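The primary structure of each chain is shown beneath.
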Amino acid sequence: MTELKRADKTLAGSSRESKAQSVKGTLEFLHIVEKLKRTKRTGWINHGIKPAESIADHMYRMSIMALLIDEKTAGVDKNRCIKMTIVHDLAESLVGDITPYDGVSIEDKHTQERNAMHHLCHTLLGWSAQAQEIFGLWEEYEAASTPEALLVKDFDKFEMITQALEYEESEGTTLEDFFAGTRGKFKHPMVTAWVNELEAERAQSRAIKS
């Protein structure tokens, strides 16, 4: 066998091994993502909601909200917002849903989540172009550095209070903390209109019950 053929054979074997590792890493990544379907949102658990929604439940309705964006009036890239809603809580597949009441500093929370994203995107996905997109979207959301990130953060809070109202109705409980903690924090006019309507719906429901 000539040296050239030996080199070609070595390269071919290396390519197959690299591809196998890539496929294995992708599958492991997808298995980890499955944890988002089983991990319940901490805030609801702490308020005695059973069964509580999962992280994936929360992210799914946020992605539906992003689908409702009218790019002509919203001033954002709709597709980027959709992608961001899908990945913004991806780190929670490894670190869980850390809330402000868990005794973890904002800095430590960010470090844990960044390390988780590094493992998912670098170690498992091999820092592929797709992995870089996922990591970039997550970083953009965390930094709240663009109109898209700010709108998705509004979706995040709005989805939470929508779920809070639905739990108040279905569980016969009061979840005022969730509403009080978000009032005055919404930025985008589309979402503030939704918030106003939700608050009116809640007020009407409470008036009927009282």
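Residues numbered from 1 in each chain as written. Predicted model: local features only at pLDDT ≥ 70, side-chain atom pairs only at ≥ 80, totals over all residues. Heavy atoms only, no water.

Brief notes about unusual backbone geometry
Next up, step 1: Look at the link from K50 to P51: it is a cis peptide, with omega at -10°.
Next up, step 2: With respect to the element layout, P51 can be found in the loop between α3 (42–46) and α4 (55–67).
Next up, step 3: With a phi angle near 50°, W127 is a residue other than glycine that sits in the positive phi range.
Next up, step 4: By secondary structure assignment, the location of W127 is in the loop between α8 (106–124) and α9 (129–143). (Helix = DSSP H or I, 4+ residues; strand = E, 2+ residues; numbered from the N terminus.)

Some thoughts on the packing of aromatic side chains
Two descriptors summarise a pair of aromatic rings, namely the distance from one centre to the other and the angle between the planes of the rings.
Next up, step 1: A complete count under the given rule lists six aromatic pairs for this structure.
Next up, step 2: Seen in terms of ring centroids, F158 and W194 are 5.4 Å apart; in terms of plane orientation they differ by 45°. Their pairing is tilted. Placement of the pair is F158 in helix α10 (residues 147–171) and W194 in helix α12 (residues 189–209), with a sequence separation of 36 residues.
Next up, step 3: These aromatic residues form a ring-pair network of at least three members: W44, Y167 and F178.
Next up, step 4: Between the NZ or CZ atom of K157 and the centre of the ring of F186, over which it lies, the distance is 5.7 Å.
Next up, step 5: R202 extends its terminal NZ or CZ atom over the ring of F179, reaching a point 3.8 Å from the ring centre. (Phe/Tyr/Trp six-rings, centres within 6.5 Å; stacked < 30°, edge-to-face > 60°. Lys NZ or Arg CZ within 6 Å of the ring centre and 35° of its normal.)

A few points about the packing of helix α6 (residues 78–87) against α9
When two helices pack together, their arrangement is given by the angle between their axes and by how far apart the axes lie.
Next up, step 1: Taken N-terminus to C-terminus, the directions of α6 and α9 make an angle of 90°; their axes are 9 Å apart at the nearest point. It follows from the interaxial angle that α6 and α9 lie roughly perpendicular. The residues of α9 that touch α6, namely those facing R80, K83, M84 and V87, are E133, I134, L137, W138, E140 and Y141. (Axes fitted to C-alpha atoms, helices over the stretch in contact; angles between N-to-C directions. Parallel < 35°, antiparallel > 145°, perpendicular 65-115°, else oblique. Contact = heavy atoms within 4.5 Å.)

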